Amino acid sequence: MVKKRTKLEVIKDILIVLRSEHKVKITHLIYKSNLSSGSIKSYINNLIKNGLMDEVNNSGKKYYQITQKGNKFLEDFNKIMVFSESYGLE
Amino acid sequence: MFVLPSDLRFYGIDSVMDFLIFLVAILITYQSYNIYNLLKEKNYKFFSWAFLSISIAFLFKIITNFTFFHQINLLQTYFINHALLERIKLLDWINFFSVILYRIFLLVGFLILFLIFNKTERKEKVILFVYLSIITVLFSIYFSFVFHLTLFLLISFLTIYFYRNHKRIKSKNSLIVFYSFLALLTAVFIGFFSSLHPFFYLTYEVILLIGFFILLLNHINLKDVKRQ
């Protein structure tokens, strides 16, 4: 059985997609991060609110890109994961 | 009394131990607050508040030790005049309030941890729990047994939680956290007898410090975690 991803792991997966590709459309993000359109919207809203990713309008189309804070999160992800798991905070 | 006045024979060694505990608690506060700043997840915020409260508690514990130490020194003075009595009285008040604040901050810290790990979403449950907690904290101010028992129960529940977490995660770090809380639980148990003999008080302090040092180990290990 495939282990269910934690919230932190989902965030990491989204940010990795954004880091590897400069600007990403929501459809591509859904495909790459393996999430439903409903759940990805709530993740996107939270990540934008927390400053981990940005929404960019280009010729009437919405694109998403990673921010500096998002990159910092990815750099520190393993540490955050170990910290969270050791206390059961996730 | 739970916070045994620092015995003169310790010459402030217990204050040094309390200061080290304060430093460990502050470090954990800082690390969890950094994660909160990145994620804006309220659990990390409450976690940092809990350890901030614990660290403040130990600052008040240090004040308690020093005021008692100073008071005893003054009482040993050969000539006791009015000014000296006034100073002793003032130290008595500082000692009284620092004991109260130590108990309040320590209980609040562990209560917050308890609330984080017992995810209760229902408002009425939270309100009832907070109400009962306030009553317990108020009783703990005057009845050291209530304070001690409450602390023991809270740390027991947390230890059980961290044991279950380790069974689920099975990592070195989750084991470290479980061991550290087991040490804290042992310390608090020994603390029950601290008023009987200074030996129990010193053992309580040493095991408490060991508990926090084990917790520090978990945070030192984070430095070795590879970056993404």
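Residues numbered from 1 in each chain as written. Chains lettered and ligands numbered in written order. Predicted model: local features only at pLDDT ≥ 70, side-chain atom pairs only at ≥ 80, totals over all residues.

**Some thoughts on the overall build of chain A**
Then step 1. A count of helices and strands for chain A gives 4 helices and 2 strands.
Then step 2. Listed N to C, the secondary structure of chain A is α-α-α-β-β-α in terms of helices and strands.
Then step 3. Taking 12 Å as the expected radius of gyration for a compact globule of 90 residues, we find that chain A reaches 13 Å, a close match to that expectation.
Then step 4. Principal axes of the C-alpha set define a box for chain A whose edges measure 45 × 30 × 20 Å.
Then step 5. Counting across all 90 residues of chain A, residues that qualify as buried make up 27%.
Then step 6. Sequence separation of 24 or more characterises 52% of the internal contacts of chain A that already satisfy a separation of 6 or more. (Helix = DSSP H or I, 4+ residues; strand = E, 2+ residues; numbered from the N terminus. Rg over C-alpha atoms; globule rule 2.2 N^0.38 Å. Buried ≥ 20, exposed ≤ 12 C-beta atoms within 10 Å, placed from the backbone. Contact = placed C-beta atoms within 7 Å.)

**Looking at the overall build of chain B**
Then step 1. Within chain B, the secondary structure is distributed over 7 helices and 0 strands.
Then step 2. Along chain B, helices and strands appear, N-terminal first, in the series α-α-α-α-α-α-α.
Then step 3. Expected size for 228 residues packed as a compact globule is a radius of gyration near 17 Å; at 19 Å, chain B falls within 12% of this value.
Then step 4. Taken along its principal axes, the extent of the C-alpha atoms in chain B is 65 × 45 × 35 Å.
Then step 5. With 228 residues in all, chain B has 40% of them scored as buried.
Then step 6. Excluding contacts between residues fewer than 6 apart, the proportion of contacts in chain B whose partners are at least 24 apart in sequence is 72%.

**Points about the packing of helix α3 (residues 82-117) of chain B against helix α4 (residues 123-142) of chain B**
All names here are of chain B.
Then step 1. At a minimum axis separation of 9 Å, α3 and α4 run at an interaxial angle of 150 degrees. For the element pair α3 / α4, the angle class is roughly antiparallel. Considering the relative orientation of α3 and α4, their crossing is right-handed. Contacts between α3 and α4 involve I100, R103, I104, L107 and L111 from the former and S133, V137, S140 and I141 from the latter.
Then step 2. Across the contact of α3 with α4, the residue classes break down as 6 nonpolar, 2 polar and 1 charged. (Axes fitted to C-alpha atoms, helices over the stretch in contact; angles between N-to-C directions. Parallel < 35°, antiparallel > 145°, perpendicular 65-115°, else oblique. Left-handed = near helix turned anticlockwise from the far one by under 90°. Nonpolar A, V, L, I, M, F, W, Y, C, P; charged D, E, K, R; others polar.)

**Examining the nonpolar core**
The nonpolar side chains of a soluble globular protein tend to be buried, and buried together.
Then step 1. The biggest cluster of nonpolar side chains holds 70 residues, and the ones touching the most others in it are F110 and I155 of chain B.
Then step 2. Discounting residues that sit within four places of it in the chain, I155 of chain B has contacts with F110, F181, L184, L185 and V188 of chain B. (Core = buried A, V, L, I, M, F, W, Y, C linked by C-beta atoms within 7 Å.)

**Here's the deal with the pairing of strand β1 (residues 53-58) of chain A**
Residues and elements named next belong to chain A.
Then step 1. In this sheet, strand β2 (residues 61-66) lies alongside β1 in antiparallel orientation, the contact comprising 6 bridges. Within the sheet, the bridge partner assigned to N58 lies in β2 and is K61.
Then step 2. Taking the residues that link successive antiparallel strands as the turn, the β1-β2 hairpin has 2 residues, and the phi of S59 there is positive, at about 50 degrees. (Pairing = 2+ DSSP bridges.)

**Side note on helix α3 (residues 37-49) of chain A**
What sets the pattern is the α-helix's 3.6 residues per turn: residues three or four places apart point alike.
Then step 1. Look at α3 of chain A: 18 Å from first C-alpha to last across 13 residues, which is about the 18 Å you get at 1.5 Å a residue.
Then step 2. In the segment just after α3 of chain A, G51 of chain A is the residue with positive phi, at about 75 degrees. (Expected span 1.5 Å × (residues − 1).)

**A few points about the environment of I14 of chain A**
All names here are of chain A.
Then step 1. With respect to the secondary-structure elements, I14 resides in helix α1 (residues 7-20).
Then step 2. When the C-alpha positions of I14 and L47 are compared, they lie 9.6 Å apart, and in sequence the two are 33 residues distant.
Then step 3. Excluding its chain neighbours within four sequence positions, the residues that come into contact with I14 are L29, S33, Y43 and L47.

**Observations concerning the packing of α1 of chain A against helix α2 (residues 26-33) of chain A**
All names here are of chain A.
Then step 1. With their axes 10 Å apart at the nearest point, α1 and α2 run at an angle of 125 degrees to one another. Classified by the angle their axes make, α1 and α2 are oblique. α2 is crossed by α1, and the crossing has right-handed handedness. Residue-level contacts link D13, I14 and V17 of α1 to L29, K32 and S33 of α2.

**Remarks on the confidence of the model for chain B**
Residues and elements named next belong to chain B.
Then step 1. This prediction gives chain B a mean pLDDT of 85; 91% of its residues lie at or above 70.
Then step 2. The spread of mean pLDDT over the elements of chain B runs between α4, the lowest at 79, and helix α6 (residues 172-191), the highest at 95.
Then step 3. Interface confidence for the predicted complex, given as ipTM, is 0.81, next to a pTM of 0.85. (pLDDT = per-residue confidence, 0-100.)

**Notes on the confidence of the model for chain A**
Then step 1. With 97% of its residues at a pLDDT of 70 or more, chain A has an overall mean of 88.
Then step 2. Taken element by element, chain A is modelled with least confidence in α2 of chain A, mean pLDDT 88, and with most confidence in β2 of chain A, mean pLDDT 92.

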